[in-house]
Amino acid sequence: MIAAPEIPTDFTLLHESETHYASDTDFEDIDGKNQKQGKGKTCKKGKKGPAEKGKSGNGGGKPGGPNRMNGHHQQNGVENMMLFEVVKMGKSAMQSVVDDWIESYKHDRDIALLDLINFFIQCSGCKGVVTAEMFRHMQNSEIIRKMTEEFDEDSGDYPLTMAGPQWKKFKSSFCEFIGVLVRQCQYSIIYDEYMMDTVISLLTGLSDSQVRAFRHTSTLAAMKLMTALVNVALNLSINMDNTQRQYEAERNKIIGKRANDRLELLLQKRKELQENQDEIENMMNAIFKGVFVHRYRDAIAEIRAICIEEIGIWMKMYSDAFLNDSYLKYVGWTMHDKQGEVRLKCLTALQGLYYNKELNSKLELFTSRFKDRIVSMTLDKEYDVAVQAIKLLTLVLQSSEEVLTAEDCENVYHLVYSAHRPVAVAAGEFLYKKLFSRRDPEEDGILKRRGRQSPNANLVKTLVFFFLESELHEHAAYLVDSMWDCATDLLKDWECMNSLLLEEPLNGEEPLTDRQESALIEIMLCTIRQAAECHPPVGRGTGKRVLTAKEKKTQLDDRTKITELFAVALPQLLAKYSVDAEKVTNLLQLPQYFDLEIYTTGRLEKHLDALLRQIRDIVEKHTDTDVLEACSKTYHALCNEEFTIFNRVDIARSQLIDELADKFNRLLEDFLQEGEEPDEDDAYQVLSTLKRITAFHNAHDLSRWDLFGCNYKLLKTGIENGDMPEQIVIHALQCTHYVILWQLAKITESSSTKDDLLRLKKQMRVFCQICQHYLTNVNTAVKEQAFTILCDVLMIFSHQIMTGGRDMLEPLVYTPDSSLQSELLSFILDHVFIDQDDDNNSADGQQDDEASKIEALHKRRNLLAAFCKLIVYTVVEMNTAADIFKQYMKYYNDYGDIIKETMSKTRQIDKIQCAKTLILSLQQLFNEMIQENGYNFDRSSPTFSGIKELARRFALTFGLDQLKTREAIAMLHKDGIEFAFKEPNPQGESHPPLNLAFLDILSEFSSKLLRQDKRTVYVYLEKFMTFQMSLRREDVWLPLMSYRNSLLAGGDDDTMSVISGISSRGSTVRNKKTKPATGKRKVPEGVELALTEESSSSDSMWLNREQTMHTPVMMQTPQLTSTIMREPKRLRPEESYMGVYPMQPEHHQAPLDYNTQVTWMLAQRQQEEAARQQERAAMNYVKLRTNLQHAIRRGTSLMEDDEEPIVEDVMMSSEGRIEDLNEGMDFDTMDIDLPPSKNRRERTELKPDFFDPASIMDESVLGVSMF
């Protein structure tokens, strides 16, 4: 009997006109010569048992046609490659290939079916071939088992997963072949109860295979077969409805005009269509129950995705039969799948259903049950899934606005601020559909109105309200970018936005509040920036892409439109909001996006003069840094030498700077007069003027005004008197910094004299000294400013300044002395590595304010990053990083990423020096612990455990490649050993050295040593040990014991073992890869010299010491760690026993008892071999028992499956799903029951479902007792 399989997608729906005349070689014969061999016909061919196979076709008795098949495996191999090779190439017309197969089937259906069976086997990547003999006499399960044995298991690839051009289109060709095969056979062959039963049974059996290739390929084939059958069933339903209408129309005629013969023909045709539909239902039931129900929860994500994709096609293609809760539940459950690929298929399947509004009524229960899950998937970790979830909710919203609650919508709204642009764009479209796409009927009459009276006016207000309510006021650019694709017309209606800001409100219209006006100006600026730059804001997208010709034209048109509108309107807007710093700051950014040529071509010079006057007034009115920098940038944008307006703007700028410089010099002279106490008004005037000059110096070269002298005088006076206001000092430092940078830029860009270099060098050195003095200022803000500027100056004037062929700048190179480095480090330790509650200098002193805490942390991170850059670029000594590295664990949440990156960069510069710095940081922490707790501390204390954990973290940063870090790790152990024995115990040698506990910390790095290096380090350790130390076993000596053991573990294989066991394949490969060409590995010279630089000449080389040095602590009987502690390893070919255990009779050491050790090792091997033989015997018994069970379960049908679907090994567990999903759902596997056509009578009961697993397991079917 037949067991059931399943089918995938990509089947093209037949048009109604193709129902009867789609060219198929299984042509429906009009003359009745080739009547369908189906039910109710005298020529009906029933399903044949195994003994009957091969008796049909050519004479019935011959096994095959001429030159086709003779039962031999070799000839079958050539012939059966035909279908597979054709589909693999994908070049031939698939319909002609199928037509040839159908002709072959009509000639001898067994031979044709054998071709088809081998086609599926070969498409799975199996090298085996099903012979005619196997086809006649073997059960389906036996054939599959035989093919499994012949499967090439060396490679996990098979056609559906192979890469390369020849396999690129294999899947589509494979699916197309199945679809065309069913379409060409849809009028008779699929109803002969032989071909389809054979194919379905084969695919069902293969889909239960443990072999992934069989399971994947057969599931895809079964699902595509099902899709093709659904299309056939749909065509049958259409034909039945047409036939029923024709019959009703004929019967309703008067008796005289009624054609009884036609009525009988229509009745007969309806009966045949009904029988065909019953057959199709049985086939679909077989596939659905035999394949889909099991494979939709397969362990392989690709297989689950195929099932879900296809069931979505069935529900969309034939909604009357499949679009109900019995099938929708599978999609709903699978939305909880662990793999994003499967969840994505669920959402795309549902999108096809929700897109058709006529199907909404059938989706109501599903929507109510799984809506919350869909909403939660908008936050899916896979961005593609989140995008499709939002698009699905958009379709749900369009179908019925009442379904989604306000809370559901809000969950999607905030995603417009997502950093992932596709998610944000999808959320923007949802937002637009919800809030902006509806239009009142009254607005239809004012569509052509513009400005404040345009239809977009209310929509712009709605956008402003949404932006304010979202409380993310710094992210207007992200909101605009999210809605840019779907609401371009609205966002580019700058005329409407300008009118809302400048024009008075109409009668009865509520005016915008101050907060709403600020939001509108910010949104307007963001839309102008997006239109002018044509790329998303920072954080959205990988960078600027190349614009198409159409996009470039749109960009130019938009910039022209922006310039023509705001060249006139901007002076008016600035005049209206001149006192509002936030609004003015945003408005002043608009000229950056102007097409400045329009000022001349459009005769708009008077508006340019008005703009320059407004900017000048704003500079005089405001002292806010943001406003002043916006004015400076606006002048910079307008002062473009390419345009004719340059002279006009340059004159206005120079006049403004002249006035500011003269005013600053005059005020400074009065402010610094000796003997007079400066009052607050004078200080404010100096500060406000200095702020304006500093803001302009940021974007403009003010060298001709010689600002260094006055600023130096101001800063020096502050150092001498100590009473200078902090803001004046901060801005004076910043302004002086700009002076030096502009001079450096001028020297770099143009040829400079030696005097220019010397003057800049002198100014730079003096400025660094001033900044160093201010590092000790009482005011924290001043110290932070001095530190930041000093780090920047040291970075700029480091040796890096000469890169790029700028050797002439060598006199400017400045290297900080040790005192300056020490002061910079002290600043970091005092102001960065502090607890959050200790920082009392956040904005307004509101330490409880979360925002101020975040801002303070951000400032401290910038300070740390500035100093770490000096370390990374070797501006300061690398050992200064020890004080930074030791804070890694304590401040991991705040600065862990910065410290870790600094470690990585320093290791790239100098591995050995970096390792010495790491061990130095651990030594510093150890000394701090000793100072606090004394030498008799508890080694289980949190402090000591924290140091050990830090050492473990440091060890992890060295990675897995021990060869690359070999020298560094060796040097680290050397320094650690020397530190541990550095301080002898005053009480004598019977007591441990004072720092011996540090070896416990050092042992964390032992795993990073190569085996031969462990031996070398062990020998180096013994240099510091006495014979009495090796005999000590008290607790105070435990660090030494544990460290020695860490060096012996894993390292003894080369020195302490006699015979090695069998190593794993991976270790063998690694040994081959890392083995030098000489066949003997040596310690690099750097390591040898590093650990022997303080040793005597008698032990100059490590490897020599291994062979010659006497080991005072070597016991008489070696520890057989290689045979007791772990599995033995294979001895390398180049190692002999004598090489591993060099005999040293000159040291009078007792010889090792080799015979005893060899005997023990051989006994161990014999025990392992006996255990392996016992395991093999047990496996053979299991196989034998399994084969016996298969033989008992074997039934009489050739195509019957031999066992239940494997759930534990193949299927994904369904536990963990939402518990109440079954509420209101029918969990039983439904029979596919196609809906009745119009005026269709009650159908007779379906035939017994032989595809039901219960029927397969029934004793009457099996023919044998189950027990």
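Please read all numbers here as calculations on a predicted model, not as lab measurements. In every chain, residue numbers begin from 1 and rise along the written sequence. Local features in this predicted model are restricted to residues of pLDDT 70 or higher, and side-chain atom pairs are both shown and tallied only at a pLDDT of 80 or more, whereas totals for entire chains, interfaces and linings draw on every residue. The side-chain values count all of the structure's non-hydrogen atoms but skip hydrogen atoms and water molecules.

Trainee: Sorry, what's going on with the overall build of the protein here?
Mentor: Runs of H or I in DSSP of at least four residues are treated as helices and runs of E of at least two as strands, each being numbered from the N terminus. Of the regular secondary structure elements, the protein holds 52 helices and zero strands. Exposure classes here rest on a 1.4 Å probe applied to the protein chains alone. A residue is buried below 20% of its type maximum, exposed above 50%, and partly exposed in between. Across the 1267 residues that make up the protein, the buried fraction comes to 52%. A contact between two residues is defined here by any heavy atoms of the two lying within 4.5 Å. Contacts in the protein between residues at least 24 apart in sequence constitute 77% of all its contacts with a sequence separation of at least 6.

Trainee: Mind showing me how you'd approach the environment of K663 here?
Mentor: Secondary-structure assignment places K663 in helix α28 (residues 646–671). Each C-alpha atom, one on K663 and one on V686, is 8.7 Å from the other, the two residues being 23 residues apart in sequence.

Trainee: What exactly am I supposed to notice about the environment of R1032 here?
Mentor: Here R1032 lies in the loop between α43 (1027–1031) and α44 (1038–1048). Taking C-alpha positions, R1032 is 9.6 Å from P992, a pair spaced 40 residues apart along the chain. Leaving out residues up to four positions away in the same chain, R1032 has contacts with S990, W1037 and M1041.

Trainee: Help me understand the packing of helix α18 (residues 456–469) against helix α21 (residues 494–502) in this model?
Mentor: Between two packed helices, both the angle of their axes relative to each other and the distance between the axes serve to describe the pair. Think of each axis as a best-fit line through the C-alpha atoms, taken over the contacting stretch in the case of a helix, with angles from 0 to 180 degrees between the N-to-C directions. Taken N-terminus to C-terminus, the directions of α18 and α21 make an angle of 75°; their axes are 10 Å apart at the nearest point. Judged by the inter-axis angle, α18 sits roughly perpendicular to α21. Of the residues in α21, those in contact with N456, A457, V460 and K461 of α18 are C496, M497 and L500. For this classification, the nonpolar set comprises Ala, Val, Leu, Ile, Met, Phe, Trp, Tyr, Cys and Pro, the charged set comprises Asp, Glu, Lys and Arg, and every other residue, Gly included, is treated as polar. Per-class residue counts for the contact of α18 with α21 are five nonpolar, one polar and one charged. Under this scheme an angle from 65 to 115 degrees is roughly perpendicular, one under 35 degrees roughly parallel, and one over 145 degrees roughly antiparallel; angles in between are oblique.

Trainee: Where do I start with the confidence of the model for the protein in this structure?
Mentor: Close reading of the predicted structure is inappropriate where its pLDDT is low. By definition, pLDDT measures how confident the predictor is in each residue, and it falls between 0 and 100. Averaged over every residue, the pLDDT of the protein is 77; the share at 70 or more is 73%. Across residues 1–81, where pLDDT falls below 50, the model places 228 contacts with residues more than four positions away in sequence or in other chains. Residue range residues 841–847 is modelled with pLDDT below 50. Its contacts to residues more than four positions away, or to other chains, number 11 contacts.

Trainee: Just to check I follow, could you spell out the environment of Y935 for this structure?
Mentor: Within the secondary structure, Y935 sits in the loop between α38 (911–933) and α39 (942–956). Look at Y935 and you get partly exposed, because its relative accessible area is 41%. With 59 residues separating them along the chain, Y935 and L994 place their C-alpha atoms 6.6 Å apart. Every residue in contact with Y935, bar those within four places of it in the chain, is listed here: I930, L994 and N995.

Trainee: Help me understand the pattern of salt bridges, please; the structure alone is not making it clear to me.
Mentor: Oppositely charged side chains are able to pair whenever their charged atoms sit close together. Put simply, a salt bridge is a Lys or Arg side-chain nitrogen that is within 4 Å of an Asp or Glu carboxyl oxygen. Going through the model one piece at a time under the given rule, you end up with 39 salt bridges. Where D481 meets R421, a salt bridge forms, and the shortest distance between an N and an O atom there is 3.0 Å. Note that D481 is positioned in helix α19 (residues 476–483) and R421 in helix α17 (residues 421–435), a separation of 60 residues in sequence. In this structure, R616 engages E659 in a salt bridge whose closest nitrogen and oxygen atoms are separated by 2.5 Å.

Trainee: Looking at this structure, I do not really get the packing of α18 against α19. What am I missing?
Mentor: Relative to each other, α18 and α19 sit at 130°, their axes nearing to 11 Å. Accordingly, the angle class assigned to the pair α18 and α19 is oblique. α19 is crossed by α18, and the crossing has right-handed handedness. For the pair α18 and α19, contact is made by L463, F466 and F467 and by A476, L479 and M483, respectively. The crossing is said to be left-handed when, going from far helix to near helix, the turn is anticlockwise and less than a right angle, and right-handed when the turn is clockwise.

Trainee: Help me understand the nonpolar core, please; the structure alone is not making it clear to me.
Mentor: The nonpolar side chains of a soluble globular protein tend to be buried, and buried together. Counting residues in hydrophobic clusters, the biggest one holds 330 residues, and the most contacted among them are F177 and I884. The element contributing the most residues to this core is helix α8 (residues 212–251), with 16 residues. Beyond its immediate stretch of four places on either side in the chain, F177 contacts L83, V87, M94, V97, V98, L116 and F119. By convention a nonpolar core is built from buried Ala, Val, Leu, Ile, Met, Phe, Trp, Tyr and Cys residues, the set being connected through side-chain atoms within 4.5 Å.

Trainee: Sorry if this is basic, but what is going on with the packing of aromatic side chains here?
Mentor: Both the distance between ring centres and the angle between the ring planes are used here to describe each pair of aromatic rings. Aromatic rings from Phe, Tyr and Trp, with only the six-membered ring used for Trp, were paired whenever their centres fell within 6.5 Å, and each pair was classed as stacked if the ring planes differed by under 30 degrees, edge-to-face if by over 60, and tilted otherwise. Going through the model one piece at a time under the given rule, you end up with 42 aromatic pairs. The interplanar angle of 35° and the centroid separation of 6.4 Å between the aromatic rings of Y888 and F954 together place this pair among those described as tilted. Residue Y888 is found in the loop between α36 (882–885) and α37 (892–909), and its partner F954 is found in helix α39; the two are separated by 66 residues along the sequence. With respect to class, Y888 is no different from F954; both count as buried. Ring centres 6.0 Å apart and planes at 40° place the aromatic pair Y891 and Y895 in the tilted group. Judged by relative accessible area, Y891 falls into the buried class, the value being 7%. On the basis of relative accessibility, which here comes to 0%, the residue Y895 falls in the buried class.

Trainee: What exactly am I supposed to notice about a negative patch on the surface here?
Mentor: Grouping into patches uses exposed residues only, defined as over 30% relative accessible area, and leaves out salt-bridged ones; the cut-off is 9 Å for like charges and 5 Å for nonpolar side chains (Val, Leu, Ile, Met, Phe, Trp, Tyr). Accessible surface is estimated by sampling points in the Shrake-Rupley manner with a 1.4 Å probe; for residues, cover comes only from the protein chains shown. As used throughout, the charge tally considers Lys and Arg to be positive and Asp and Glu to be negative, leaving His and the chain termini uncounted. The location of each charge is read from NZ of Lys, CZ of Arg, CG of Asp or CD of Glu. Residues E669, D670, D679, E680, D681 and D682 make up a contiguous surface patch of negative charge. Those elements giving two or more residues to the negative patch turn out to be α28 and α29 (680–699). When residues of the negative patch are assigned to their parent elements, the largest contribution, three residues, is made by α29. In this structure, D679 sits in the loop between α28 and α29.

Trainee: So what exactly am I meant to see when it comes to unusual backbone geometry here?
Mentor: Notably, C534 is not glycine yet its phi reads approximately 60°, a positive angle. Structurally, C534 is set in the loop between α22 (514–533) and α23 (549–576). Overall, the relative accessible area of 24% leaves C534 in the partly exposed class. Here the phi dihedral of T874 falls at roughly 55°; this positive angle occurs in a residue that is not glycine.

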